[in-house]
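# Structure assessment
Chain by chain, the residues run as shown.
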Amino acid sequence: MDNHSHTDTPADAGPQDAPTRKDRRRFLRTAGLATAGAVAGLTIPFERHMPRGMTLAAFADDSPLAGKDGLTLLGDRPVNAETPAHLLDDAITPTERHFIRNNGLLPDSTSPEGWTLTVDGFVDNPMTMTIDDLRNNFEVVTRALHIECGGNGRAAFDPPARGNQWTVGAVGCSEWTGVRLKDVLEAAGVQDAAVYTGHEGADIHLSGDPDKFPLSRGIPIEKALDETVLIAFEMNGEALHPMNGAPLRLVVPGWPGSCSQKWLTRIWVRDQEHDGEKMGGQSYRVPAYPVAPGTDVPNEDMVVMGAMPVKSLITFPMNGAESGMETEVRGHAWVGDRTIERLEVSIDFGATWAEADLDAPVNPGAWQNWRTSVSFPQAGYYEVWARATDSEGVSQPHAIAWNPRGYNNNSLHRVGLMVS
């Protein structure tokens, strides 16, 4: 695999330029440590011991969640943060409430100036394009598309699975603006031998090694040519948030979020299943057959994750809330490459179910919003459960289908209420 390079923004400021504190903070987020020390007007005697990507404490009021609202930080190296379910109540997820899933450190620059995307491999016309080239040469579209981390729900696995302990909030459905990957691939001339794409980004491996990718995954060529898959440069009508892939990313709705490569620099069309970082071993793979909890599954029996399973989320009321004898219940439901046909709720631990009002997706690849009103027969503690059924008749299960890495947890979502 070719080594990847990073787009660096030259530093015009030096100690003599007396930058403002705001300028310093902004620069320190992405600058190398030696340059950062110079811009701050400081000597850092033990600089050699500092981990790459660490923010100087004096300028740490720019948190990794700057521009985000209410997210729960799971880790800061790399940054991973989920959104509490009740903050996902909007039909379209605001940028400030979209979850963050990173595998490495942010690129040295997330500016669109000078950014390029290369499409090569098994194509007739290899291309390297700027973001302006994408805007000018292809139809620009805006679509509501849902993205979910493959490990969303991992915290509920027993025995525990290794990885970020997501609860239910590693999902969102924002409006993305960009061009269809299909159109770009067709302009490049996909050859008959093509079977898979390989994606590369400009993010930096945690080790700082420029020859290593934190993540390089891909998708079958059939999915890559689906109308819903975008190369996006805007999110909710504005430039992408740096933590959500600025200035360019893929959005592959319905498949694990790792397929939606952020900080996108290359799409490599291949004649084999992509073998980039986190495509092999047990990364984003599930057993080829059902296994008992705790089973040690050999790598050769693991298969790459594809379309995500049917799932739903209750966003109102929030878990643990107090309620009157009647309340509205609402949320979202989604599924990989299908649609949701029915959404039901239960207030008696699944003994009976009532159908909710379910909206059609606003466009293919969007989640579906639902709502209903429930009445409680008497005061006390209740649980409201939600269950989605997809267009092939597959419903959410009550229990987790356990797997070694904690993927694809689509068990019923439930919230507890104190009713009086």
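Now for a look at the structure at hand.

Cut-offs used in this document
Residues numbered from 1 in each chain as written. Predicted model: local features only at pLDDT ≥ 70, side-chain atom pairs only at ≥ 80, totals over all residues. Heavy atoms only, no water. Phe/Tyr/Trp six-rings, centres within 6.5 Å; stacked < 30°, edge-to-face > 60°. Helix = DSSP H or I, 4+ residues; strand = E, 2+ residues; numbered from the N terminus. Buried < 20%, exposed > 50% of the residue type's maximum accessible area, 1.4 Å probe, protein only. Contact = heavy atoms within 4.5 Å.

### Considering the packing of aromatic side chains
Under the counting rule described, the total for this entry stands at five aromatic pairs. Seen from their ring centres, Phe 99 and Trp 166 are 6.2 Å apart, and the 80 degrees between their planes marks the pair as edge-to-face. You can see Phe 99 sitting in the loop between β2 (79-82) and β3 (100-101) and its partner Trp 166 sitting in the loop between β6 (140-148) and β7 (171-180), a full 67 residues away along the chain. This pair shows no difference in class: Phe 99 is buried, exactly as Trp 166 is. With a centroid separation of 6.0 Å and 85 degrees between ring planes, the pair formed by Phe 349 and Trp 385 is classed as edge-to-face. Highlighted residues: Phe 349 in the loop between β18 (340-346) and β19 (354-355) and Trp 385 in strand β22 (residues 380-390), separated in sequence by 36 residues.

### So, the environment of Ala 321
Checked against the element boundaries, Ala 321 lands in strand β16 (residues 321-323). On a C-alpha basis, the gap between Ala 321 and Val 415 in space is 8.7 Å, while along the polypeptide they are 94 residues apart. Residue contacts for Ala 321: discarding those within four places in its chain leaves Gly 416, Leu 417 and Met 418.

### Topic: the environment of Arg 77
Checked against the element boundaries, Arg 77 lands in the loop between β1 (72-76) and β2. Linking Arg 77 and Asn 102, residues 25 residues apart in sequence, is a C-alpha distance of 8.7 Å.

Note that every value here comes from positions in space, so none of it alone points to a role or purpose.
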